[in-house]
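Descriptive analysis of the structure
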Amino acid sequence: MTARFAKPRVVLTDIEGTKTPISFVKDVLFTFARARIADYVRAHGDDPAVAQIVNEAGAGDPERAIAQLHAWSDADMKIGPLKSLQGLIWEDGYRAGLLKAPVFPDAAAALRDWHAAGITLAVYSSGSVLAQKRLFTSSDQGDLAILFSGFFDTAMGAKREATAYARIAAALSMAPAEILFMSDIPEELDAAHAAGLRTLHVVRPGEGSAATRRHPHIASFAEIDWD
């Protein structure tokens, strides 16, 4: 089954639950980083990026920072220093061949088709920009990072706040109505809609419920047909 939508100038997409299985981020990436926080901080103390993380998380004390980073990780907090460190750890994992990101085949095929059709593609995720780029570079569907013209993280604001989407529209030099935001989280779609973006709820099989489908929704990128 396909659904027709007015062709946008920009497609802005979430990652987890939209283009990748939720289990990959929750059960693989987070677990991988959590197990390596202490060793990474201790081994890379001279790295300016790590030193900044230690300053922000532990007031300059590496062991205090490690404890705080562990606590944030266990609570699944969307905190800048933790996200930055996770991105660095994942980068090492991808480079070493220990990680490869599973991307839904329908999403990869659609993204390639949309890029070829001249639609600008961008990503907005709570993971750091570094983590986003590496995930798509090292996907099981090939290098998808080259398809995207913009990567945005929570430096733009929280994903459930309309102001973040307004900032992204400004950064892309686009009117909000020219952007279609795709996510599996209704509250994120609510915020994007409040900022004037068009919205599309991705409800993968077995996830979400009819009660939360207050936006146009699809189960697969393959269902989309542009007018």
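Shown above is the structure to which this text applies.
Everything in this summary refers to the structure shown in the same document. (Residues numbered from 1 in each chain as written. Predicted model: local features only at pLDDT ≥ 70, side-chain atom pairs only at ≥ 80, totals over all residues. Heavy atoms only, no water.)

**Structural notes on the packing of helix 3 (residues 48–58) against helix 4 (residues 62–74)**
For clarity, the cut-off: Orientation is described by lines fitted to C-alpha atoms, with helices fitted over the stretch in contact, and by angles between N-to-C directions that extend from 0 to 180 degrees. Put simply, DSSP H or I for four residues or longer makes a helix, DSSP E for two residues or longer makes a strand, and each gets a number counted from the N terminus. What sets the label is the angle itself: under 35 degrees gives roughly parallel, over 145 gives roughly antiparallel, 65 to 115 gives roughly perpendicular, and the rest give oblique. Contact between two residues is taken to exist if any of their heavy atoms lie within 4.5 Å; hydrogens are not considered.
Where helix 3 contacts helix 4, the two axes come as close as 8 Å, and the packing angle between them is 75°. When the axis of helix 3 is compared with that of helix 4, the two are roughly perpendicular. Along the contact surface, helix 3 presents Ile-53, Val-54, Ala-57 and Gly-58, while helix 4 presents Pro-62, Arg-64, Ala-65, Gln-68, Leu-69 and Trp-72.

**Concerning the pairing of strand 3 (residues 120–124)**
Using the following cut-off: Working definition: with a 1.4 Å probe on protein chains only, accessible area under 20% of the residue-type maximum means buried, over 50% means exposed, and in between means partly exposed. Any two strands with at least two DSSP-identified bridges between them are counted as paired. With the strands aimed away from the viewer, a crossover counts as right-handed if its path from the first strand over the helix to the second runs clockwise.
Of all 5 residues in strand 3, 4 are buried; the element is thus mostly enclosed. Inspection of the sheet shows strand 2 (residues 10–13) paired to strand 3 by 4 bridges, in the parallel sense. Note on strand 3: the bridge partner recorded for Thr-13 is Val-123. When strand 3 meets strand 4 (residues 150–152), the two strands line up parallel, connected through 3 bridges. Paired with Val-123 across the strands is Phe-151, a residue of strand 4. In this fold, the crossover linking strand 3 to strand 4 by way of helix 7 (residues 129–137) has right-handed handedness.

**A closer look at helix 5 (residues 80–95)**
Definition in use: To estimate the expected span of a helix, subtract one from its residue number and multiply by 1.5 Å.
Its 16 residues place the ends of helix 5 23 Å apart at the C-alpha level, agreeing with the 22 Å of an ideal helix rising 1.5 Å per residue. For helix 5, the buried fraction is high: 12 of the 16 residues fall into the buried class. Within the span of helix 5, buried status applies to Pro-81, Leu-82, Lys-83, Leu-85, Gln-86, Gly-87, Leu-88, Ile-89, Trp-90, Glu-91, Gly-93 and Tyr-94. Considering only its buried residues, helix 5 is in contact with helix 1 (22–34), helix 2 (37–43), helix 3, helix 4 and helix 7. Trailing helix 5 by a residue or two, Gly-97 shows a phi angle of about 80°, which is positive.

**A few points about the packing of aromatic side chains**
What counts here: Stacked, tilted and edge-to-face pairs are distinguished by plane angle, under 30 degrees for stacked and over 60 for edge-to-face with tilted covering the rest, among Phe, Tyr and Trp rings (Trp via its six-membered ring) whose centres lie within 6.5 Å.
Scanning all chains against the criterion turns up 7 aromatic pairs. Aromatic side chains Phe-136 and Phe-148 sit 5.0 Å apart centroid to centroid with 45° between the ring planes, which places their arrangement in the tilted category. Taken as a pair, Phe-136 in helix 7 and Phe-148 in the loop between helix 7 and strand 4 lie far apart in primary sequence, 12 residues in all. Each residue in the set Trp-114, Phe-221 and Trp-226 is aromatic and connected to the rest through ring pairs, giving one cluster.

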